[in-house]
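Fold and contact review
Chain by chain, the residues:
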Amino acid sequence: MTGLHACPFCREMFEAKEASTCPACGLRLEALAKLPPSYDALQEEPDEPLPPHMEPLPWTYAGRGRGALLALALLGLAAFFAPWIHETAPELRDLSGFGLARRLGWMWAPAVAFFVMIPLALTRRSIHKMRGARVAVAFLAAVALVTVAMRLTFTPGSTLLRPVRFTWGYGLYATGAIALLALFTAAFFGGRIDDLPTGQRRRGDEVLH
């Protein structure tokens, strides 16, 4: 078949050295492998429709956990700049997650995790891709949650010469709560695939009756 040439219009086939133009149509013959399927071939073997769970959804689609994850990621970034520590000794000051990260490099982890979560969820526009991103989103949420847990567990040391007194701010607790909610939402990101109709375009929130 690779050595055959055919007319682009009538699809009559010739050997490569047999002719250069179609005797009936007068058109220049092309290599058969380079021609698209003919109309008759498409009617006999039509292209299979795209499965519903792989069809692209609108950019504004917020169902199946997509909107919730985007909202949680934005809230997580906002909480990163909220007060995490109220220090009364050795200095009188409030430190946000951003302020702590400037002193401890590993404290950037929640901000990076929530920042990456935004494009990760936003670019998943099909149910298939949403479900495939569950592990990645859950990992990012876990990173933020573990960072908060480590901050609560490993507190600054206090000595007689340098007393350290502080209380935790609402920003730290909010970050932990948001990360926990994102971890839970990630487990259901994309929803189920057995509740979709087939053979038709859909918004992504239809159910079978």
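The rules behind each value
Residues numbered from 1 in each chain as written. Predicted model: local features only at pLDDT ≥ 70, side-chain atom pairs only at ≥ 80, totals over all residues. Heavy atoms only, no water. Helix = DSSP H or I, 4+ residues; strand = E, 2+ residues; numbered from the N terminus. Buried < 20%, exposed > 50% of the residue type's maximum accessible area, 1.4 Å probe, protein only. Contact = heavy atoms within 4.5 Å. Areas by Shrake-Rupley, 256 points an atom, 1.4 Å probe, with all protein chains shown as cover. Pairing = 2+ DSSP bridges. Axes fitted to C-alpha atoms, helices over the stretch in contact; angles between N-to-C directions. Phe/Tyr/Trp six-rings, centres within 6.5 Å; stacked < 30°, edge-to-face > 60°.

A few points about the overall build of the protein chain
- On a plain count of helices and strands, the protein chain comes out with seven helices and six strands.
- Listing the helices and strands of the protein chain from first to last along the sequence gives β-β-β-α-α-β-β-α-α-α-α-β-α.
- The buried share of the protein chain, reckoned over its 209 residues, is 36%.
- Taking the contacts inside the protein chain whose residues are at least 6 apart along the sequence as the reference set, 67% of them involve residues at least 24 apart.
- By element, 64% of the accessible surface of the protein chain is carried by carbon and sulfur atoms, the whole surface being about 12,900 Å².

What about the sheet that holds strand β6 (residues 165-168)?
- Ordered in space as β5-β4-β6, the three strands form an open sheet in which the pairing is antiparallel. Edge strands, defined here as strands with exactly one partner in the open sheet, are β5 (93-96) and β6. The sheet shows a mean angle of 25° between the axes of neighbouring strands, direction not considered.
- Where strand β4 (residues 83-89) and β6 come together, four bridges link them in antiparallel fashion. Across the sheet, the residue bridging to His-86 is Thr-167, located in β6.
- Lying on the sheet, helix α7 (residues 170-186) is in contact with β4 and β6; it crosses β4 at an angle near 150°.

What to know about the packing of aromatic side chains
- Counting across every chain of the model gives six aromatic pairs.
- Relative to Phe-81, the ring of Phe-80 has its centre 5.5 Å away and its plane inclined at 90°; by these criteria the two rings are edge-to-face.
- Look at Phe-98 and Trp-108: their rings are 5.6 Å apart centre to centre, the planes differ by 80°, and that puts the pair in the edge-to-face class. Here Trp-108 lies in the loop between α3 (97-103) and α4 (109-122) and Phe-98 lies in helix α3, a separation of 10 residues in the sequence.
- Residue classification places Trp-108 among the partly exposed positions, given a relative accessible area of 33%.
- One aromatic cluster in this structure is built from Phe-80, Phe-81, Trp-84, Phe-98 and Trp-108.

Side note on the environment of Lys-34
- Following the sequence through the fold, Lys-34 ends up in the loop between β3 (30-31) and α1 (39-44).
- In the structure, Lys-34 is positioned 29 residues away from His-5 in sequence and 9.3 Å away in space, judged by C-alpha atoms.

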